[in-house]
Every structure is written in structure tokens, then in C-alpha cells.
Amino acid sequence: MTIGWMGLGLMGERMVKRVAALGEDVIAYNRSPKTIQDLPANVRVTQNPLEAVQGCRFTFVMLADAGAVEAALFDSGAIDAAGTGSIVVNMSTVGVEDSIRLAARVEGRGVGYVESPVLGTTKPAEEGKLVALVAGREAIVEAALPYLRTMAHVIHRLGNVGNGAAMKLMVNYLLATSMLSLGEALAFADRAGFDVHTALDVLATSSVWPGVYAGKRGMIEAKDFAPQFPVKHLAKDVRLFTEASEHWRARTPIAGLARDLLRRASAGTFADLDMAALSAWFRDDRQDQT
Ligand code: NAP
């Protein structure tokens, strides 16, 4: 049976190859025309979202946000083409309430829904080393596991839909504040007269040097901000974190500041750059005017 796929962005174009390696035919939808290097022979690309659902037992979704999922699945009419008992696995990062609402809409059409946002960026996506935060009805999750295992080397099973989104947003909140803090620390070091290499050398020997800094250090030093995880998606995730915090009345005041800074950073040319570019954003005096 054919596997459906939606979204061939930075993550989707890599993840779909992992699923294709299982050998089943894959029909992969992308809104705009997309050429993928080394596309496996069993993957066909389409701009028609209906094709990624029709006759497919599973449709994996890796789109920008909830609006994109709604456009591709519902506004296009694709969900009406889904067979009863088929399963949508949404791997995009969406809000907690978004995910619960999407699940209800999908299930309302007699289709199963698995929530599975992922931790990890383009390289782990390529290598099948993502971490999947999976939620949904047990039997449906079980059915999706063989596919999820091709993309993720760790699978957390988190219970009801909404829980995967909550854990994803928790992690990305910490990611965002870590990257913002690093940018601010480097701006401080710059004004104190230190070049970025010296500042990073000192930081790297301290106890406050997490894996993500090690991962982004090369990009920061080379000023190579080709996107792996774009600033605009980090901004979205922190906004979703603050929305869920407000809903639950969680005490997360730092997140409000992070959301506002990322909203500013993603309003201009930094939006599509990798989040490593936040190191440059803080040192750019023009940002004071925005
Ligand atoms: P991306 O490169 O920006 O790709 C976004 C995808 O969504 C593209 O296929 C895009 O189509 C599609 N899209 C956007 N708006 C749409 C619409 N209205 N209708 C139909 N399709 C639409 O994003 P990504 O980095 O692959 O990330 C995908 C998701 O995973 C996001 O939710 C992100 O937060 C999350 N995530 C990303 C990373 C990462 O490191 N990059 C890691 C974990 C999770 P077009 O090509 O036509 O624009």
C-alpha cells in the first residue's frame, strides 16, 4: 500500500527518505514545486495534496505550522479522500490546542490521528536519529511505530494527543532561551573587546555549555547561517509555548521576553536564517531601532 507524505521542507525532504527505505511506494506532496537530490525511486512528488491521502493507509505530515496543516489536509479537501481507518501522523510542531483540534477534525472523518512532533534537526533527520514525542490512541500508535522507528531512534510514548506538543514546546522554549542567551553573551563579549572565538573558547570550558552550543559553534564562527532550524520556527514555537502557558496559568515570565525578542528577530531578514544567526542579531546595532 502507498504511504502518503505532506511537506518537503528542510525536515520533510530528509525524513521521507527514511520512510521510503522501508520499500513501500511513497507519494509526497509539497505546495510549491520541489526537486529533491537523490530522491529514492519509490517516491513520487506531487503538488496535489489529495494524492498524498487517497488510497494511503498512512499520511505523514511535516508542515510549517497548524495553518499549513489545515490548508493541506482540510481546505484542499484531502481529508475527504482519506479511507476510513487510515491514519494521519502529524509530525509538524503545532500548539497543544491546535493538535487537539486537528485530532478531533481528523477523527471526525473516521481517520486515526497520531501526534508525533520531533526533537532534532536536519542531520538527525537524515540519519534517522530524531526523538519522537508520540501521543494518541494505543492501537493507532502501535500501527505507526514501524515507520516512526525509521525516523527516530528514541520514541517517547506520552499518552493523549496534546502531550506530545506540550513536551515539544517545553524543549523548544529551553532551546530558544539558550540561543538567545548565547547571542546576548556574545554581544557583551564583543563590547568588552573579545573576538567571538575567544569568547566561545572560554564558554566551552565552562559548566554552562550545552550540546546545542557545541553544535552551533562552527556556524557562529564561520557566520554560516544556512537554515537547519530557521529563526521563524523558533519564534512560532515560543509563541505557542506562551499561549499554552497562559491557558494553564504556568508561571513562565522569561518566555514572554523570549517571544517578543524572537518576534522582532523573525520580522526581517533573520526569519529564514538558522537560529545560530541570533548570535549576529544581538550584535547588530540596527536591531535597537526595531
Ligand atoms: P520548512 O523548511 O519551513 O518547510 C515547511 C513546509 O511547510 C514546506 O513544505 C512548505 O511548503 C509547507 N507549507 C508552509 N505553509 C503551507 C501551506 N499554507 N500549505 C501547504 N504547505 C505549506 O520547515 P521544516 O524546518 O521542515 O519544519 C517543519 C516542521 O517541523 C515545523 O513545524 C518545524 O517547527 C518543525 N521542526 C523543525 C525542525 C528543524 O530543525 N528544521 C526540527 C524539529 C521540528 P513550501 O515548500 O511550498 O513552502
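Given the structure is predicted, the values throughout are model-derived calculations rather than measurements.

K.L.:
Tell me about empty space enclosed by the protein, residues and numbers included.
P.N.:
Counting across every chain of the model gives three cavities of 30 Å³ or more. Forming the boundary of the largest cavity are Val134, Ala135, Gly136, Glu138, Val141, Arg157, Leu158 and Gly159. In the lining of the largest cavity, the residues fall into four nonpolar, two polar and two charged.

K.L.:
Give me the UniProt feature "domain: 3-hydroxyisobutyrate dehydrogenase-like NAD-binding" (unreviewed entry) in the protein: which residues, what numbers.
P.N.:
Mapped onto this numbering, the UniProt entry annotates "domain: 3-hydroxyisobutyrate dehydrogenase-like NAD-binding" (unreviewed entry) at residues 162–278. Annotated as residues 162–278, this span is 70% helix and 0% strand, and its ends, taken at the C-alpha atoms, are 29 Å apart.

K.L.:
Any chance you could break down the UniProt feature "domain: 6-phosphogluconate dehydrogenase NADP-binding" (unreviewed entry) in the protein for me, citing the residues and the numbers?
P.N.:
In this numbering, the UniProt entry assigns the feature "domain: 6-phosphogluconate dehydrogenase NADP-binding" (unreviewed entry) to residues 2–156. Between the C-alpha atoms that bound residues 2–156 the distance is 26 Å, and the span itself is 33% helix and 25% strand.

K.L.:
Outline the sheet that holds strand 6 (residues 112–115), listing residues and values.
P.N.:
Spatially, 3-2-1-4-5-6 is the arrangement adopted by the six strands of the open sheet, whose pairing is parallel. Each end of this open sheet is capped by a strand with a single partner; those strands are strand 3 (43–46) and strand 6. The mean angle between the axes of side-by-side strands here comes to 20°, regardless of whether they run parallel or antiparallel. With five bridges connecting them, strand 1 (residues 2–6) and strand 4 (residues 56–61) associate as parallel partners. Residue pairing in the sheet places methionine 6 in a bridge with valine 61 of strand 4.

Conventions and cut-offs
- Residues numbered from 1 in each chain as written.
- Predicted model: local features only at pLDDT ≥ 70, side-chain atom pairs only at ≥ 80, totals over all residues.
- Heavy atoms only, no water.
- 1 Å grid on protein atoms, 1.4 Å probe; cavity = no way out; pocket = protein on both sides within 12 Å on 5 of 7 lines; lining within 4 Å.
- Points joined across faces, edges and corners; volume = space filled by probe spheres on them.
- Nonpolar A, V, L, I, M, F, W, Y, C, P; charged D, E, K, R; others polar.
- UniProt positions renumbered as here; feature names shortened; annotations may be inferred.
- Helix = DSSP H or I, 4+ residues; strand = E, 2+ residues; numbered from the N terminus.
- Pairing = 2+ DSSP bridges.
- Axes fitted to C-alpha atoms, helices over the stretch in contact; angles between N-to-C directions.

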